[in-house]
Amino acid sequence: MLRVEQVCKSYGARKVLRSISLTCQRGAYMLRGPNGVGKSTLLRVLAGVTPPDSGAVWIDGHALHQEPIRAKLRLAYAPDECPIYPFITGSELLAFVAQAKRCSLTPQVHAVVERFGLDRHLGTRCGDMSLGTQKKLMLAAAWIGEPSVLLLDEPSNGLDVAAHAVLVDLLREKSAKAVVFVSSHDQAFARAVGAQVLTFDSLSGPAAEL
Ligand SMILES: Nc1ncnc2c1ncn2[C@@H]1O[C@H](COP(=O)(O)OP(=O)(O)OP(=O)(O)O)[C@@H](O)[C@H]1O
(Lines give C-alpha, C1' and ligand atoms only; values in the text may rest on other atoms or scores of the structure.)
Protein backbone atom coordinates (compact mmCIF):
# COMPACT_ATOMS: atom_id res chain seq x y z
CA MET A 1 0.00 0.00 0.00
CA LEU A 2 2.89 2.38 0.85
CA ARG A 3 6.29 1.82 -0.69
CA VAL A 4 9.27 4.11 -0.33
CA GLU A 5 12.58 3.54 -2.07
CA GLN A 6 15.81 5.33 -1.26
CA VAL A 7 14.28 8.73 -0.66
CA CYS A 8 16.78 11.52 -0.02
CA LYS A 9 16.09 15.16 0.83
CA SER A 10 18.44 17.96 1.80
CA TYR A 11 17.83 21.58 2.72
CA GLY A 12 20.99 23.31 1.54
CA ALA A 13 23.90 21.43 3.04
CA ARG A 14 21.68 19.73 5.67
CA LYS A 15 20.87 16.12 4.69
CA VAL A 16 17.53 15.42 6.36
CA LEU A 17 16.36 12.22 4.65
CA ARG A 18 19.19 9.76 3.93
CA SER A 19 18.06 6.98 1.65
CA ILE A 20 14.79 6.19 3.43
CA SER A 21 13.20 2.91 2.31
CA LEU A 22 10.19 1.03 3.66
CA THR A 23 7.17 -0.96 2.62
CA CYS A 24 4.02 -0.82 4.76
CA GLN A 25 1.01 -3.09 4.50
CA ARG A 26 -2.22 -2.12 6.23
CA GLY A 27 -1.80 -1.36 9.91
CA ALA A 28 -0.76 1.49 12.18
CA TYR A 29 2.80 2.80 12.32
CA MET A 30 4.18 5.48 14.59
CA LEU A 31 7.28 7.35 13.49
CA ARG A 32 9.37 8.46 16.43
CA GLY A 33 12.53 10.54 16.68
CA PRO A 34 13.98 13.65 18.29
CA ASN A 35 12.87 17.16 17.36
CA GLY A 36 14.28 18.29 14.04
CA VAL A 37 15.35 14.83 12.85
CA GLY A 38 13.10 14.97 9.77
CA LYS A 39 9.75 13.31 10.60
CA SER A 40 7.58 16.11 9.18
CA THR A 41 9.82 16.34 6.13
CA LEU A 42 9.34 12.62 5.49
CA LEU A 43 5.55 12.91 5.81
CA ARG A 44 5.52 15.88 3.39
CA VAL A 45 7.55 13.86 0.88
CA LEU A 46 5.23 10.84 1.27
CA ALA A 47 2.24 13.14 0.72
CA GLY A 48 3.72 14.63 -2.43
CA VAL A 49 3.85 18.11 -0.89
CA THR A 50 7.67 18.28 -0.93
CA PRO A 51 9.50 16.61 -3.83
CA PRO A 52 12.44 14.41 -2.80
CA ASP A 53 15.88 15.06 -4.29
CA SER A 54 16.00 11.40 -5.32
CA GLY A 55 14.14 8.17 -4.67
CA ALA A 56 10.48 7.32 -5.18
CA VAL A 57 7.19 6.80 -3.33
CA TRP A 58 4.29 4.55 -4.39
CA ILE A 59 0.78 4.87 -2.98
CA ASP A 60 -1.39 1.84 -3.75
CA GLY A 61 0.94 1.00 -6.65
CA HIS A 62 0.90 4.52 -8.13
CA ALA A 63 4.26 6.32 -8.24
CA LEU A 64 3.94 9.86 -6.91
CA HIS A 65 6.39 11.19 -9.51
CA GLN A 66 4.71 9.45 -12.47
CA GLU A 67 1.01 9.44 -11.54
CA PRO A 68 0.72 12.21 -8.94
CA ILE A 69 -3.05 12.63 -9.21
CA ARG A 70 -3.87 8.91 -8.98
CA ALA A 71 -1.44 8.54 -6.09
CA LYS A 72 -2.79 11.58 -4.22
CA LEU A 73 -6.40 10.45 -4.66
CA ARG A 74 -5.48 7.36 -2.61
CA LEU A 75 -3.85 9.23 0.29
CA ALA A 76 -4.84 11.68 2.99
CA TYR A 77 -2.41 14.02 4.70
CA ALA A 78 -3.05 16.05 7.83
CA PRO A 79 -0.09 18.26 8.78
CA ASP A 80 0.49 19.36 12.36
CA GLU A 81 -0.44 22.94 11.58
CA CYS A 82 -3.88 23.58 10.04
CA PRO A 83 -3.47 25.12 6.59
CA ILE A 84 -7.13 26.01 6.07
CA TYR A 85 -8.68 29.12 4.60
CA PRO A 86 -10.00 31.20 7.53
CA PHE A 87 -12.95 32.57 5.54
CA ILE A 88 -14.64 29.27 4.63
CA THR A 89 -16.92 27.32 6.95
CA GLY A 90 -16.37 23.78 8.21
CA SER A 91 -18.97 22.45 5.74
CA GLU A 92 -17.32 24.31 2.88
CA LEU A 93 -13.93 22.87 3.83
CA LEU A 94 -15.27 19.31 3.78
CA ALA A 95 -17.06 19.92 0.45
CA PHE A 96 -13.86 21.43 -0.99
CA VAL A 97 -11.80 18.36 -0.02
CA ALA A 98 -14.47 16.02 -1.42
CA GLN A 99 -14.46 17.94 -4.69
CA ALA A 100 -10.66 17.82 -4.88
CA LYS A 101 -10.82 14.07 -4.25
CA ARG A 102 -13.59 13.65 -6.84
CA CYS A 103 -15.90 11.92 -4.38
CA SER A 104 -18.89 12.63 -2.20
CA LEU A 105 -19.18 12.94 1.55
CA THR A 106 -20.21 9.45 2.59
CA PRO A 107 -22.14 8.44 5.72
CA GLN A 108 -18.78 7.20 7.08
CA VAL A 109 -17.34 10.72 6.86
CA HIS A 110 -20.46 12.19 8.49
CA ALA A 111 -20.05 9.59 11.27
CA VAL A 112 -16.45 10.73 11.89
CA VAL A 113 -17.63 14.37 11.98
CA GLU A 114 -20.30 13.39 14.50
CA ARG A 115 -17.93 11.34 16.68
CA PHE A 116 -15.62 14.35 16.94
CA GLY A 117 -18.63 16.49 17.90
CA LEU A 118 -18.02 18.74 14.90
CA ASP A 119 -21.64 18.97 13.69
CA ARG A 120 -22.30 22.15 15.63
CA HIS A 121 -19.16 23.80 14.22
CA LEU A 122 -19.80 23.10 10.54
CA GLY A 123 -21.44 26.49 9.96
CA THR A 124 -18.56 28.35 11.66
CA ARG A 125 -15.81 29.99 9.65
CA CYS A 126 -12.55 28.09 10.12
CA GLY A 127 -10.79 31.28 11.27
CA ASP A 128 -13.29 31.57 14.13
CA MET A 129 -12.77 27.98 15.35
CA SER A 130 -10.44 27.05 18.22
CA LEU A 131 -7.19 25.35 17.21
CA GLY A 132 -8.43 22.02 18.59
CA THR A 133 -11.62 22.26 16.52
CA GLN A 134 -9.60 23.10 13.40
CA LYS A 135 -7.40 20.08 14.13
CA LYS A 136 -10.44 17.79 14.45
CA LEU A 137 -11.81 19.16 11.18
CA MET A 138 -8.52 18.44 9.39
CA LEU A 139 -8.48 14.93 10.84
CA ALA A 140 -12.12 14.28 9.85
CA ALA A 141 -11.27 15.44 6.32
CA ALA A 142 -8.67 12.67 6.16
CA TRP A 143 -11.53 10.15 6.01
CA ILE A 144 -12.86 11.65 2.77
CA GLY A 145 -12.40 9.43 -0.28
CA GLU A 146 -11.60 6.27 1.70
CA PRO A 147 -7.82 6.68 1.40
CA SER A 148 -5.55 3.63 1.49
CA VAL A 149 -2.80 5.61 3.19
CA LEU A 150 -3.31 8.17 5.98
CA LEU A 151 -0.34 10.38 6.80
CA LEU A 152 -0.93 12.22 10.06
CA ASP A 153 1.65 14.56 11.59
CA GLU A 154 1.27 14.80 15.38
CA PRO A 155 -2.48 14.06 15.19
CA SER A 156 -3.04 14.00 18.95
CA ASN A 157 -1.50 17.46 19.51
CA GLY A 158 -3.96 19.91 21.00
CA LEU A 159 -6.89 17.47 21.29
CA ASP A 160 -8.98 17.36 24.46
CA VAL A 161 -9.42 14.06 26.33
CA ALA A 162 -12.67 13.12 24.58
CA ALA A 163 -11.33 13.88 21.09
CA HIS A 164 -8.12 11.99 21.89
CA ALA A 165 -10.15 8.88 22.75
CA VAL A 166 -12.24 9.24 19.58
CA LEU A 167 -9.08 9.53 17.49
CA VAL A 168 -7.62 6.38 19.05
CA ASP A 169 -10.80 4.42 18.21
CA LEU A 170 -10.95 5.82 14.67
CA LEU A 171 -7.32 4.98 13.94
CA ARG A 172 -7.69 1.46 15.33
CA GLU A 173 -10.66 0.92 13.01
CA LYS A 174 -8.98 2.53 10.00
CA SER A 175 -5.73 0.58 10.40
CA ALA A 176 -7.63 -2.67 9.83
CA LYS A 177 -8.01 -1.73 6.16
CA ALA A 178 -5.48 1.03 5.44
CA VAL A 179 -1.98 2.20 6.27
CA VAL A 180 -2.10 4.70 9.12
CA PHE A 181 1.32 6.37 9.27
CA VAL A 182 1.62 8.77 12.18
CA SER A 183 4.40 10.99 13.46
CA SER A 184 4.14 11.42 17.21
CA HIS A 185 6.09 11.87 20.43
CA ASP A 186 3.14 10.44 22.38
CA GLN A 187 4.03 6.83 23.27
CA ALA A 188 0.82 6.21 25.19
CA PHE A 189 -1.10 7.26 22.09
CA ALA A 190 0.89 4.79 19.94
CA ARG A 191 0.19 1.98 22.42
CA ALA A 192 -3.52 2.81 22.54
CA VAL A 193 -3.73 2.76 18.73
CA GLY A 194 -1.75 -0.49 18.61
CA ALA A 195 0.85 1.11 16.34
CA GLN A 196 4.16 -0.42 15.44
CA VAL A 197 6.83 2.06 16.53
CA LEU A 198 9.44 2.98 13.91
CA THR A 199 12.48 4.96 14.92
CA PHE A 200 13.45 7.49 12.28
CA ASP A 201 17.04 6.20 12.14
CA SER A 202 15.92 2.62 11.46
CA LEU A 203 14.41 3.69 8.12
CA SER A 204 17.67 4.87 6.55
CA GLY A 205 19.56 2.34 4.43
CA PRO A 206 18.21 -1.13 3.46
CA ALA A 207 14.43 -1.32 3.02
CA ALA A 208 12.30 -2.20 6.02
CA GLU A 209 9.41 -4.60 5.18
CA LEU A 210 6.64 -3.83 7.68
N1 LIG B 1 11.45 24.23 4.28
C2 LIG B 1 12.58 24.05 4.96
N3 LIG B 1 13.70 24.74 4.63
C4 LIG B 1 14.85 24.55 5.28
N5 LIG B 1 15.01 23.70 6.32
C6 LIG B 1 13.92 23.00 6.71
C7 LIG B 1 12.66 23.14 6.05
N8 LIG B 1 11.77 22.31 6.65
C9 LIG B 1 12.46 21.69 7.64
N10 LIG B 1 13.73 22.11 7.67
C11 LIG B 1 14.78 21.62 8.58
O12 LIG B 1 14.84 20.22 8.41
C13 LIG B 1 15.08 19.58 9.67
C14 LIG B 1 13.98 18.57 9.93
O15 LIG B 1 12.76 19.27 10.20
P16 LIG B 1 11.40 18.49 10.46
O17 LIG B 1 10.36 19.53 10.72
O18 LIG B 1 11.17 17.53 9.38
O19 LIG B 1 11.74 17.70 11.82
P20 LIG B 1 10.78 16.90 12.81
O21 LIG B 1 11.49 15.61 13.13
O22 LIG B 1 9.41 16.81 12.26
O23 LIG B 1 10.81 17.84 14.09
P24 LIG B 1 9.72 18.02 15.29
O25 LIG B 1 9.72 16.75 16.11
O26 LIG B 1 10.28 19.18 16.07
O27 LIG B 1 8.40 18.34 14.67
C28 LIG B 1 15.18 20.70 10.69
O29 LIG B 1 16.55 21.00 10.88
C30 LIG B 1 14.46 21.85 10.05
O31 LIG B 1 14.95 23.08 10.50
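No experiment lies behind these values; they were computed from the predicted model shown. (Residues numbered from 1 in each chain as written. Predicted model: local features only at pLDDT ≥ 70, side-chain atom pairs only at ≥ 80, totals over all residues.)

## Overview of the overall build of the protein
Working step 1: Looking only at helices and strands, the protein has seven helices and ten strands in total.
Working step 2: A globule of 210 residues ought to have a C-alpha radius of gyration of about 17 Å, and the protein, at 16 Å, matches this closely.
Working step 3: In terms of its C-alpha atoms, the protein occupies a principal-axis envelope of roughly 50 × 35 × 35 Å.
Working step 4: Counting only residues that meet the buried cut, the protein has 42% of its 210 residues in that class.
Working step 5: Long-range pairs, those at least 24 residues apart, make up 75% of the contacts in the protein between residues at least 6 apart in sequence. (Helix = DSSP H or I, 4+ residues; strand = E, 2+ residues; numbered from the N terminus. Rg over C-alpha atoms; globule rule 2.2 N^0.38 Å. Buried ≥ 20, exposed ≤ 12 C-beta atoms within 10 Å, placed from the backbone. Contact = placed C-beta atoms within 7 Å.)

## Quick look at the environment of Pro52
Working step 1: Assignment of secondary structure puts Pro52 in the loop between helix H1 (39–46) and strand E4 (54–59).
Working step 2: Judged by the 23 C-beta atoms lying within 10 Å of it, Pro52 falls in the buried class.
Working step 3: C-alpha separation for the pair Pro52 and Ala28, spaced 24 residues apart in sequence, amounts to 24 Å.
Working step 4: Beyond its immediate chain neighbours, meaning those up to four positions away, Pro52 contacts Val7, Cys8, Lys9, Leu17 and Val45.

## Remarks on helix H6 (residues 161–174)
Working step 1: The first and last C-alpha atoms of H6 sit 20 Å apart over 14 residues, in line with the 20 Å expected at 1.5 Å per residue.
Working step 2: All of the buried residues in H6 are Ala163, Val166, Leu167, Leu170, Leu171 and Lys174. What you see down the axis of H6 is that its buried residues fit within an arc of 130 degrees, all on one side. Looking at H6, the residues exposed on the side facing more than 90 degrees away from the buried face are Val161, Ala162 and Asp169.
Working step 3: Those residues of H6 that are buried are in contact with strand E3 (27–32), helix H4 (107–115), helix H5 (131–141), strand E7 (149–153), strand E8 (179–183) and helix H7 (187–193). (Expected span 1.5 Å × (residues − 1). Arc of directions from axis to C-beta.)

## Remarks on the environment of Ile20
Working step 1: Structurally, Ile20 is set in strand E2 (residues 14–24).
Working step 2: C-alpha of Ile20 to C-alpha of Phe200: the two residues are 180 residues apart in sequence and 9.0 Å apart in space.
Working step 3: With near-sequence residues (within four places) excluded, Ile20 lies in contact with Val4, Val7, Leu42, Leu203 and Ser204.

## As for the pairing of E8
Working step 1: Among the five residues that make up E8, five are buried, leaving the element largely enclosed by the rest of the structure.
Working step 2: Alternating positions in E8 separate into two faces, Val179, Phe181 and Ser183 on one and Val180 and Val182 on the other, with burial throughout.
Working step 3: Pairing between E7 and E8: five bridges, direction parallel. Across the sheet, Leu151 pairs through a bridge with Phe181, a residue of E8. (Pairing = 2+ DSSP bridges.)

## So, H1
Working step 1: Within H1, six of the eight residues are buried, which leaves it mostly tucked inside the rest of the structure.
Working step 2: Those residues of H1 that are buried lie in contact with strand E1 (2–11), E2, E3, E4, E7 and E8.
Working step 3: The first or second residue beyond H1 is Gly48, which carries a positive phi of 80 degrees.

## Digging into the pairing of E7
Working step 1: In terms of burial, E7 is largely enclosed, as five of its five residues are buried.
Working step 2: Of the two faces of E7, both are covered, the one formed by Val149, Leu151 and Asp153 as well as the one formed by Leu150 and Leu152.
Working step 3: Where strand E6 (residues 75–78) and E7 come together, four bridges link them in parallel fashion. Counterpart to Ala78 in the pairing with E7 is Leu152.
Working step 4: This β-α-β element, E7 to H6 to E8, shows right-handed connectivity. (Right-handed = clockwise from strand over helix to strand, strands pointing away.)

## A closer look at the sheet that holds strand E9 (residues 196–199)
Working step 1: Pairing is parallel across the open sheet formed by five strands, whose spatial order is E6-E7-E8-E3-E9. Whereas interior strands pair on both sides, the edge strands pair on one side only; in this sheet they are E6 and E9. Adjacent strand axes in the sheet meet at a mean angle of 15 degrees, parallel and antiparallel pairs treated alike.
Working step 2: Packed onto the sheet, H1 meets E3, E7 and E8 and runs at close to 150 degrees relative to E7. (Axes fitted to C-alpha atoms, helices over the stretch in contact; angles between N-to-C directions.)

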